[in-house]
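# Architecture and fold: a report
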Amino acid sequence: MSALTPDLLRELVAEARLAPSVHNIQPTRWRLLDDVRLALVDDTSVRAPVADPAGHDVLISHGAALEGMSLALNRRGLSICGLTTIEQPLSAQFSALCNFAVKPCATPDPLADRVAHRMSWRGKFVASPGDATALAQLAAACGDVICVSDRQAISNVAGWADQAEFSFVRGDDYRQELLGWMRLSPGHPHYLQDGLNRDALAMNALQATAARFVLGGLFKPLDRLGLAASLLADGAKTASAAAIVLFCRPVGEDPLMTGRYFYRAWLEIDRAGLAACPISALADDPDCNERLRKLGNVAADLRLVNVFRVGRPPAAQKPRHFRLSVERLVV
Ligand SMILES: Cc1cc2nc3c(=O)[nH]c(=O)nc-3n(C[C@H](O)[C@H](O)[C@H](O)COP(=O)(O)O)c2cc1C
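Residues numbered from 1 in each chain as written. Predicted model: local features only at pLDDT ≥ 70, side-chain atom pairs only at ≥ 80, totals over all residues. Heavy atoms only, no water.

## Comments concerning the site of the ligand
Keep this limit in mind: The rule for a residue being near a molecule or strand is that one of its heavy atoms must lie within 4 Å of it. Nitrogen and oxygen atoms within 3.5 Å of one another constitute a polar contact, given that in protein one can donate a hydrogen and the other can accept it, and given that sequence-neighbouring residues count only through two side-chain atoms. What sets the accessible areas is the Shrake-Rupley method with a 1.4 Å probe; for residues, cover comes only from the shown protein chains. In this description a helix means any DSSP run of H or I spanning at least four residues, a strand means any run of E spanning at least two, and both kinds are numbered starting from the N terminus. Side-chain classes follow a simple rule in which Ala, Val, Leu, Ile, Met, Phe, Trp, Tyr, Cys and Pro form the nonpolar group, Asp, Glu, Lys and Arg form the charged group, and the remainder, Gly included, forms the polar group. By convention here, the domain bounds are inherited from an automatic or database domain assignment.
For the ligand, the set of nearby residues contains 22 residues, the closest of which are R118, S120, R122, S280 and R323. Take R118: an N or O atom from its side chain is 2.8 Å from an oxygen atom of the ligand. The separation between a nitrogen atom of the ligand and a polar main-chain atom of P278 is 3.0 Å. Within the complex, 90% of the 620 Å² of free accessible area of the ligand lies under protein. Mapped by element, the contributors of at least two residues to the shell around the ligand are α2 (56–74), α10 (255–271) and β10 (275–278). The class makeup of the residues in the shell around the ligand is 10 nonpolar, seven polar and five charged. The residues that make up the shell around the ligand include at least three from each of domain 1 (6–116) and domain 2 (131–311).

Below, the structure is given as C-alpha cells:
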C-alpha cells in the first residue's frame, strides 16, 4: 500500500477533475479516509434533474471522474485496488459512492497523457486525408465504439440529432435548466469554474447573445413562427463530422463502471488525433436510439449509452478546461 497525503490528494484531484461531466456540473468530490484509502463523494446538491431525471448521466460523470483519478494515480506509478461500491450518506449534501485503496503499479497507461489534451469540441470539423486511418486506429484500440463514417448516414444522423435535441429544448423546464448552466458572458461569476461557457460552446459574443434570447423569452414566438428549430440546429456541425461514434456497453452494467469506459473511449478518440462532442439526445431519445442501434448493428446485449460526433477542428486547438478549484473538490 502507498501513503496518501493531503498534498498528494490535491495533485491527484487537479488531474481527476479534467474528466468530462454532464453540462460540466462536476458532481464529484473526494475525501481522504486514511493514509491508504480514498472515497469518491457525490455532491447531491449538483444536479441537472430535467436533462438527467434518472441521475444516470451524473453517475456516468462520477465514473469518468473515478477513471480520471485512476489515470492520475497511474502517472505516479500507483493504481486503485479494493474498490468497494457502497453508498454511504455523509451529510445532507454529501454521500460517499465508493472507496478504494492505492497500491504501486508498474504499467504506464497510454491514455494518461491524453487527459490534459482532451476536451469537447463544439465547432465544425474539416475533412482530412488521415481521417480513415484515425478511425481505424480508434476502432482497433477501443472495443466499446462503433464508427459510422458513411457520408449519407452521417447526414441522416445530423437530422435525427436536430430533431431529438429540439424535442427536448421545447420543454420550458429543460430550457430553463440549460440556461442556468450556460455562462454566456465572461462577466458571469462562474464563467471559468463550471457549466457551459461561450468558449466551450464555440460561440462568439453575438451568437451567445442570440442563444440567450432564442432559448429564453423569444423561444415561444420564434417556435410559433417555425424559426426556433433552425436557429438552434447543430446539423451542419454534425454533418461535417468524419464519423458518428456509437459508445456501447453491456446492458445492466453499473453506471459508475460505464462512466470509466466512457472517459477512456473519449481519450482514445483524442489519442487517434480526433476531437469529439457527445450528442446525448441521440441516445436519450428512444426512436433515435433504436435507429442508431440498427445503423450500427449494435448487439442485443449492449446498451447504446451515448453518441459522439468526431473529426478534426479547422485549426489546432489549445486545450482549455473550466473547472472548480481543487479546494472545492476535496471535502
Ligand atoms: C454523460 C455526459 C453527457 C454529455 N452530453 C453532452 C451533450 O449532449 N452535448 C454536449 O455538447 N456535451 C455533452 N457532454 C460533454 C460535457 O458538457 C463536457 O464534458 C463538459 O462541459 C466539460 O468540458 P470538456 O469536455 O471540454 O472538458 C456530456 C458529458 C457527459 C459526461
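## Let's talk about the side chain of Q26
This is how the line gets drawn: Should any heavy atoms of two residues lie within 4.5 Å, those residues are considered in contact.
In this structure, Q26 sits in the loop between α1 (6–16) and β1 (28–32). Each residue touching Q26, except ones within four places of it in the same chain, is listed here: S21, V46, Q193, D194, F322, R323 and L324.

## Points about the sheet that holds strand β11 (residues 302–311)
What counts is decided by this rule: Two strands pair if DSSP finds at least two bridges between them. A fitted line through C-alpha atoms represents every axis, and for helices the fit uses only the stretch in contact; the resulting angles, taken between N-to-C directions, go from 0 to 180 degrees.
In spatial order, the strands read β6-β9-β11-β10; together these four strands make up an open sheet with antiparallel pairing. Because the sheet does not close on itself, it has two edges, and the strands there are β6 (145–148) and β10. Strand-to-strand twist in this sheet, taken as the mean axis angle between neighbours without regard to direction, amounts to 30°. In the packing of helix α3 (residues 131–141) onto the sheet, contacts are made with β6, β9 (243–250) and β11, and the angle to β6 comes to roughly 160°.

## Concerning the packing of helix α4 (residues 151–169) against helix α12 (residues 286–295)
Condition: In what follows, roughly perpendicular refers to angles from 65 to 115 degrees, roughly parallel to angles under 35, roughly antiparallel to angles over 145, and oblique to any angle outside these ranges. Put simply, a crossing is left-handed when the front helix is turned counterclockwise from the back one by less than a right angle, and right-handed when it is turned clockwise.
Put simply, α4 and α12 touch, their axes get as near as 11 Å, and they point 165° apart. By the angle between their axes, α4 is roughly antiparallel relative to α12. Regarding α4 and α12, the two cross each other, and that crossing is left-handed. Along its contact with α4, which presents A153, V157, W160 and A164, the element α12 presents C288, R291, L292 and L295. Class assignment of the residues belonging to the contact of α4 with α12 gives a composition of seven nonpolar, no polar and one charged.

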